[in-house]
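Take a look at the letters that make up each chain.
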2 protein chains.
Amino acid sequence: MLQGKQTWLFQSKPFIAASAAVGGPFEAKGLLSKDFDILHDDVWLGQDSFEKAEKVLLQEACETAIKKAGLKKEQVQFFISGDLMNQIISSSFAARALGIPYLGVFGACSSSMESLALASFIIDNKGADYIVAGASSHNVSAEKQFRYPTEYGGQKPPTAQWTVTGAGAGLISSKGSGPRIVCATIGKIVDKGISDPFDMGTAMAPAAVDTLLCHFNDLGIDPTYYDLIATGDLGNVGHAIASDLLEKSGMKIPPGIFTDCGTLIYSKDQPVMSGASGCACSATVTYGHFMNLMRKGDLRRLLVVATGALHSPISYQQKETIPCIAHAVSIEI
Amino acid sequence: MLQGKQTWLFQSKPFIAASAAVGGPFEAKGLLSKDFDILHDDVWLGQDSFEKAEKVLLQEACETAIKKAGLKKEQVQFFISGDLMNQIISSSFAARALGIPYLGVFGACSSSMESLALASFIIDNKGADYIVAGASSHNVSAEKQFRYPTEYGGQKPPTAQWTVTGAGAGLISSKGSGPRIVCATIGKIVDKGISDPFDMGTAMAPAAVDTLLCHFNDLGIDPTYYDLIATGDLGNVGHAIASDLLEKSGMKIPPGIFTDCGTLIYSKDQPVMSGASGCACSATVTYGHFMNLMRKGDLRRLLVVATGALHSPISYQQKETIPCIAHAVSIEI
């Protein structure tokens, strides 16, 4: 049910019956390593390409979430997923392996919450009993596609971010127990003229702010309603900008409540510049860390605002600025 | 509401309150030229890149559909769209121009019906009053990205298809008049081991058959329920294979009922090999030609089964076969 301008309020509050996070060796050295279900010690995952490795990450996250929910693949009606690869091949090839009817989405790094928002809407309105929603990214496949091959060893400015190698998936269900999805706010494109792909936090921060303001306005609540509001992958640079922009809009979020998945996942001694990014950033932190906190009773009301930079290498080469978007999903237990 | 395994039955039968099709100079010479709202005589559309031209096609189709419905952009709650470009930049940049909250989808050439199915589900369940659903493709941007630059003049086998330069959009509404969306069947990946990107009809035909069989099974109807069943862009080669496979499955569709958008759009003297393809193939034929037939009373019950080949140039280079999918949407007046 539409509430306000851009927010879907879910009457039945669908359950995240189970969730899973899968990561690579670099994520294993991070601060949230204990929140991953599977951690690989090889970025190739035994595959002969990084693209195929990314597909395995996503497939494993989905299969683990389905298994943790006590279900079989055949019982899951739909798989909704997106990733950063051209033609979202990670999601489509994972869909082939899973054999579940499939809806591909693309919202760059906001794909994690786009797929969760759509899955929740469909479950809430009896379009399915079980849906697996997911998203993935792979550091090397993303670097190769969007920037340079890592072997090139190009230097990066301090505003750059480190794409997470991983995947997160949630099994969304009409019944069960555990965290429940209360509502979702679908974002619109915000483009403030930033064109530097090494500074996506700055580009995406205004989109996060736009969606947050819309969310609070649509629901008539203020940020203190939540125990935690987490942006997807703004990193240190983008998160500080988002805080400033919110304050200027008269919507100051207390610092203890406001965080960013991209600043949580790695440790301070890992060379990730401004922080983490990639579809798997918000996907692994949400489906791993946050869900674990909720299940342990350490977190009750969570809002995840996943942000996406919707440019391509071609649009960058053609001197276009970066259109950004953010989708917010509210989860409570 | 889920009916059977993969079909959503829409209780309120959302309206296609208005629709629009936009094409290029080659489409202007085709058999369906009178069904386009706008036909450009220049494949560049006055832009300085083919990618930017494709974005204009999509933007124009959406704006025309919105205008024909007597609405303003501000009244439309969501824009759901997909295309073939890496990171679906045509849709995302059109979303920036439209300023409407946006959900990007990717199902290759099945994106036209994926966006329409999701839009219908959301309207049917009061997630919005108005949604614009669309899809686009551009012959030259697609050739450049998936095959060779057209200037190279590479020869093609007779199984190859011609990517439509165009865009189609529908304004989906909870009220109004005109064609109504009855149900949608979401496909699963079917991959029979075809890896030749110059023979997508053969690759996609089994996916169309899988979705058709599922559709009839879920609803307990047979093909004669429909006045017309149109696959998306199988072309002559793929459509003949789909007919054969259906007959082998005991589901023979009478030839007068069964067609393919890719065989309808161009004239016999246009050098399009097996037929047309691209997201805009099913999008322009559905939102232009078929909607005009329905509004004139010449077509009552229509099933569009848009097919998508979910490979990428990278997956092809890595010797992967082509995962295919088909989504079906049933429209009646």
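This one's a predicted model, so the numbers in the text were calculated from it and none came from an experiment. Residue indices begin from 1 for each chain and proceed along its sequence in written order. Chains and ligands are labelled by the order in which they are written, letters from A for the one and numbers from 1 for the other. Restriction of local features to residues with pLDDT of at least 70 applies here, the model being predicted, together with a cutoff of 80 or more for giving and counting side-chain atom pairs; totals for whole chains, interfaces and linings are based on all residues. Heavy atoms throughout the structure, all of them, feed into the side-chain values; hydrogens and water do not.

Asker: Which residues make up the overall build of chain A, and what values go with them?
Answerer: By the criteria applied, helices consist of DSSP H or I runs no shorter than four residues and strands consist of E runs no shorter than two, each listed in order from the N terminus. Counting its secondary structure elements, chain A contains ten helices and 15 strands. Atoms considered for the radius of gyration are the C-alpha atoms alone. The globule rule reads 2.2 Å times the number of residues to the power 0.38. Relative to the 2.2 N^0.38 estimate, which gives 20 Å for 333 residues, the radius of gyration of chain A is 18 Å and therefore close to what a compact globule would have. For chain A, the spread of C-alpha atoms along the three principal axes comes to 50 × 50 × 35 Å. Classification of residues uses two cut-offs on accessible area relative to the type maximum, computed with a 1.4 Å probe and protein chains only: under 20% is buried, over 50% is exposed, and between them is partly exposed. Of all 333 residues assigned to chain A, the portion counted as buried reaches 67%. Partitioning the intrachain contacts of chain A with sequence separation of at least 6 by distance along the chain shows that 77% fall at a separation of at least 24. Here a residue-residue contact requires only that any non-hydrogen atoms of the pair lie within 4.5 Å.

Asker: So, the relation of the copies chain B and chain A: which residues are in play, and what are the values?
Answerer: Mapping chain B onto chain A leaves a residual RMSD of 0.0 Å; the transformation is a rotation of 180° accompanied by 0.0 Å of translation along its axis. One copy is carried onto the other by what is essentially a two-fold rotation axis. Minimal C-alpha separation from the rotation axis in chain B is found for Val105 of chain B, amounting to 2.0 Å. Most of the interface of chain B is mirrored in chain A, where 100% of its interface residues again form contacts. Here the copies were fitted onto each other by least squares, based on C-alpha atoms from residues at pLDDT of at least 70 in both.

Asker: A description of the pattern of salt bridges should follow, citing residues and the corresponding values.
Answerer: What makes a salt bridge here is a side-chain nitrogen of Lys or Arg within 4 Å of a carboxyl oxygen of Asp or Glu, nothing more. A full pass over the atoms with the stated rule returns 22 salt bridges over all chains. As a salt-bridge pair, Lys156 of chain B and Glu143 of chain B come within 2.8 Å of each other at their nearest N and O atoms. Of the two residues, Lys156 of chain B is situated in the loop between α5 (139-146) and β8 (162-163) and Glu143 of chain B in helix α5; the sequence distance between them amounts to 13 residues. For Lys156 of chain B, a relative accessible area of 29% puts it in the partly exposed group. Through salt bridges with shared partners, a single ionic network connects Arg96 of chain A together with Asp191 and Glu320 of chain B.

Asker: Provide a residue-level description of the domain arrangement of chain A, including the pertinent values.
Answerer: It is common to give the size of an interface as the accessible area that goes away when the parts come together. All names here are of chain A. Where a domain begins and ends is set by an automatic assignment or by a domain database. For chain A, the assigned domains read domain 1 (2-173) and domain 2 (180-332). For domain 1 and domain 2, the distance between their C-alpha centroids amounts to 17 Å. Between domain 1 and domain 2, the contact holds 66 residues from the first and 61 residues from the second. Note on definitions: buried area is the accessible-area loss of two parts on being combined, 1.4 Å probe, summed for both. For the pair domain 1 and domain 2, the summed buried surface comes to about 5,200 Å²; carbon and sulfur atoms form 64% of the total. Of all residues in domain 1, Gln6, Met113 and Gln161 give up the largest surface area on contact with domain 2, accounting jointly for 15% of the area buried on that side. Applying the counting criterion to the domain 1 and domain 2 interface returns zero salt bridges.

Asker: How would you summarise the side chain of Gln318 of chain B if you had to cite specific residues and measurements?
Answerer: Relative to the assigned elements, Gln318 of chain B resides in the loop between α10 (313-317) and β15 (324-332). With relative accessibility at 18%, the residue Gln318 of chain B sits in the buried group. Identification of polar contacts relies on pairs of N or O atoms within 3.5 Å, with a donor-acceptor requirement for protein atoms, meaning one able to donate a hydrogen and the other able to accept it, and with residues adjacent in sequence counted only if both atoms are side-chain atoms. A polar contact of 2.7 Å, which involves the side chain of Gln318 of chain B, links it to the side chain of Ser49 of chain A.

Asker: So what's going on with the interface of chain B and chain A? Residues and values would help.
Answerer: Across the contact, 56 residues belong to chain B and 56 residues belong to chain A. Carbon and sulfur atoms make up 65% of the area that chain B and chain A hide from each other, which totals about 4,500 Å². Broken down residue by residue, the surface that chain B buries against chain A is led by Gln87, Arg96 and Phe106 of chain B, which jointly contribute 15%. Inspection of the region where chain B meets chain A yields four salt bridges. Residues Arg96 of chain B and Asp191 of chain A are paired through a salt bridge, measuring 2.5 Å at the closest nitrogen-oxygen approach. Where chain B packs against chain A, one counts 26 residue pairs in polar contact (both at pLDDT 80 or more). Secondary structure elements with two or more residues in the side of chain B that touches chain A: α2 (50-68), α3 (89-98), β6 (102-104), α4 (111-124), α5, α10 and β15 of chain B.

Asker: Pulling in residues and values, what's your account of the side chain of Lys55 of chain B?
Answerer: Here Lys55 of chain B is to be found in helix α2. As a buried residue without a salt bridge, Lys55 of chain B has its nearest oppositely charged side chain in Glu320 of chain A, at a separation of 6.2 Å. Those residues in contact with Lys55 of chain B, other than ones at most four positions away along the chain, are Ser90, Phe93, Ala94 and Ala97 of chain B. Positive charges come from Lys and Arg, negative ones from Asp and Glu, while His and the chain ends are left out of the count.

Asker: Can you lay out the pairing of strand β14 (residues 301-309) of chain B for me, pointing to particular residues and giving the numbers?
Answerer: A regular strand places its side chains so that they alternate between the two faces of the sheet. Residue and element names in this part refer to chain B. Counting buried positions along β14 gives eight out of nine residues, so the element sits mostly inside the fold. Strand pairing is assigned whenever DSSP identifies at least 2 bridges connecting the two strands. Of the pairings in the sheet, the one linking strand β11 (residues 228-231) to β14 comprises four bridges and is parallel in character. Pairing of Ile229 across the sheet is with Leu303, part of β14. Bridge analysis of β14 against β15 gives nine bridges, and the strand direction is antiparallel. When the bridges of β15 are listed, Thr307 appears paired with Ala326.

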